[in-house]
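# Chain and residue survey
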Amino acid sequence: MAAAHYGHPMATPAAPHPPLPRPLSLYLDCCRLLAALLVVASHYGPYGAITRSANGWVPNLGREAVIVFFVLSGFVIAYTTEQKRPSLRDYAIARATRIYSVALPVLLLAFGAAAVLVWCEQVPARHLYETAKPWLYLPLHLLFMGELWTVSEPPPLLGPYWSLGYEVWYYVLFGALFYLRGSQRVLVAGAILLFVGPKLWLLLPVWASGVWLYRWQQTHALGRRTALLGWVATFVLLALFKLSGSDVFLRMFARAHWPFPAVPLRSADRFLADYLVCVLVLANFWCARYAGFFGLLRCERAIRGLSSYTFTLYLVHALVMSLWLILYRHDPANALDVAGMTVLIVVVTWMVGQLTEHRKHWFRVGFERLAGWVRPVGVVSRF
């Protein structure tokens, strides 16, 4: 989910289209920060943190924000593998470090908090049933297997964790396709696809489109005026798409016409709308590539700093909101209560982020030692 920080804003005769100019890198960081904030905002209403009337003023763009994360994830993976050309070992260590540095501590916090809530009888045990079988559910979520085939199991108090059940397996599939060769490549990739099931197949084109965009946008330039007009148009089209209710219609259509009732869509039931949003995100990123947002360079430090907490914010906010609403007599009509919960989300995100996203080197050391026990496999880069 993290955008890379490389590239130069000015083209040179030898490299007229650098792979990731700094303005684009900053823009992508802004996008992932905004996407995380939209996910948080989209949960205020469903969680009961604000009144129904107030919820009407909050943009319901949480799902669209997740699509931004998917496209951005594929884009950044394509960039880092092309520019750094890591080995399969380095690729696996980097991905594991990035994901587990946040997911592992937050997951343990969520299970611990859920267990305490059940023990103190703050929440009925049936509502947090995972705490009765941690030996089953903790490994399930540590291996990101909560969305395979007919399974649909988010961790307790961590609803947004569902998307990691997609993204992590896309990382695994990309690693197999990028580093392996010959029959080994076909067999491993095929086994991964068979293992993950239809839900992940449906959203795979969204993630893979980010990989495609990274390579395609380098050789398909736009004039700055055209890029700016296209960039604005993507937001206008997204607004029309949401205001028209097309996303709801497509969700209902997908559910009604899904031909495999034994394999319910569940978290993938918006895949038709996701495809349309994906096209808008691709167009937005492509236009941003050539729109020349050089003004972002003046705010580089602030953008980098704030965006470095997005993954933590994405996971932690649901835990904080859940605990706040369970333990505190929250009044959704009271602006001070809503503001207090919001401030708490910010503070906890910063505190947890200091021990997760900002301490990834701790986790990297552990994964490097673990990788040292694994026998290397002969692979070849395909870029």
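Read on for an overview of the structure. (Residues numbered from 1 in each chain as written. Predicted model: local features only at pLDDT ≥ 70, side-chain atom pairs only at ≥ 80, totals over all residues. Heavy atoms only, no water.)

### Observations regarding the overall build of the protein
For the protein, the helix and strand inventory stands at 15 helices and zero strands. A globule of 383 residues ought to have a C-alpha radius of gyration of about 21 Å, and the protein, at 21 Å, matches this closely. The buried share among the 383 residues of the protein stands at 49%. The long-range fraction of contacts in the protein, counting pairs at least 24 apart against all pairs at least 6 apart in sequence, stands at 80%. Looking at charge distribution, the protein has the averaged site of its 33 positive side-chain charges lying 8 Å from that of its 17 negative ones. (Helix = DSSP H or I, 4+ residues; strand = E, 2+ residues; numbered from the N terminus. Rg over C-alpha atoms; globule rule 2.2 N^0.38 Å. Buried < 20%, exposed > 50% of the residue type's maximum accessible area, 1.4 Å probe, protein only. Contact = heavy atoms within 4.5 Å. Lys, Arg positive; Asp, Glu negative; His and termini not counted. Charge placed at Lys NZ, Arg CZ, Asp CG, Glu CD.)

### Side note on a nonpolar patch on the surface
The grouping of Val232, Val236, Leu237 and Leu240 at the surface amounts to a nonpolar patch, some 340 Å² of accessible area in total. Examined against the element boundaries, leucine 237 turns out to sit in helix α9 (residues 224–243). Owing to a relative accessible area of 45%, leucine 237 belongs among the partly exposed residues under this scheme. (Patch = residues over 30% accessible without salt bridge, like charges linked within 9 Å, V, L, I, M, F, W, Y side chains within 5 Å. Areas by Shrake-Rupley, 256 points an atom, 1.4 Å probe, with all protein chains shown as cover. Salt bridge = Lys/Arg side-chain N within 4 Å of Asp/Glu carboxyl O.)

### Some words on the environment of valine 188
Here valine 188 is to be found in helix α7 (residues 182–196). You can call valine 188 partly exposed: its relative accessible area is 30%. Sequence spacing of valine 188 and alanine 92 is 96 residues, and the spatial spacing of their C-alpha atoms is 15 Å. Discounting residues that sit within four places of it in the chain, valine 188 has contacts with Ala176 and Leu180.

### Things to note about the packing of aromatic side chains
Counted by the stated rule, this structure contains 31 aromatic pairs. Centre to centre, the rings of tyrosine 171 and tryptophan 207 are 6.1 Å apart; their planes meet at 75°, and the pair counts as edge-to-face. With a gap of 36 residues between them, tyrosine 171 in helix α6 (residues 164–179) and tryptophan 207 in helix α8 (residues 198–216) connect regions that are remote in the sequence. Centre to centre, the rings of phenylalanine 271 and tyrosine 275 are 5.7 Å apart; their planes meet at 70°, and the pair counts as edge-to-face. On the criterion of helical spacing, the pair formed by phenylalanine 271 and tyrosine 275 is a turn pair, its members being four residues apart in helix α11 (residues 271–291). The partly exposed category is assigned to tyrosine 275, whose relative accessible area is 28%. Taken together, the ring pairs in this structure connect Phe70, Tyr91, Trp162, Tyr166, Tyr170, Tyr171, Phe174, Phe178, Tyr179 and Trp207 into an aromatic cluster. (Phe/Tyr/Trp six-rings, centres within 6.5 Å; stacked < 30°, edge-to-face > 60°.)

### Some details on the nonpolar core
With 112 residues, the main nonpolar core has Tyr44, Phe144, Phe285 and Leu315 as its most contacted residues. Of the residues forming this core, the biggest block, 14 residues, is contributed by helix α4 (residues 88–119). Excluding anything up to four places from it in sequence, leucine 315 contacts Val102, Ala103, Val106, Leu158, Pro160, Tyr161 and Leu164. (Core = buried A, V, L, I, M, F, W, Y, C linked by side-chain atoms within 4.5 Å.)

### Observations regarding the state of the cysteines
The final tally for this structure, using the stated rule, is zero disulfides. With no disulfide of its own, cysteine 278 lies closest to cysteine 31 among cysteine sulfurs, the gap being 14 Å. Here cysteine 299 stays unpaired: no disulfide links it, and the sulfur of cysteine 30, its closest cysteine neighbor, is 8.1 Å away. (Disulfide = S-S within 2.5 Å.)

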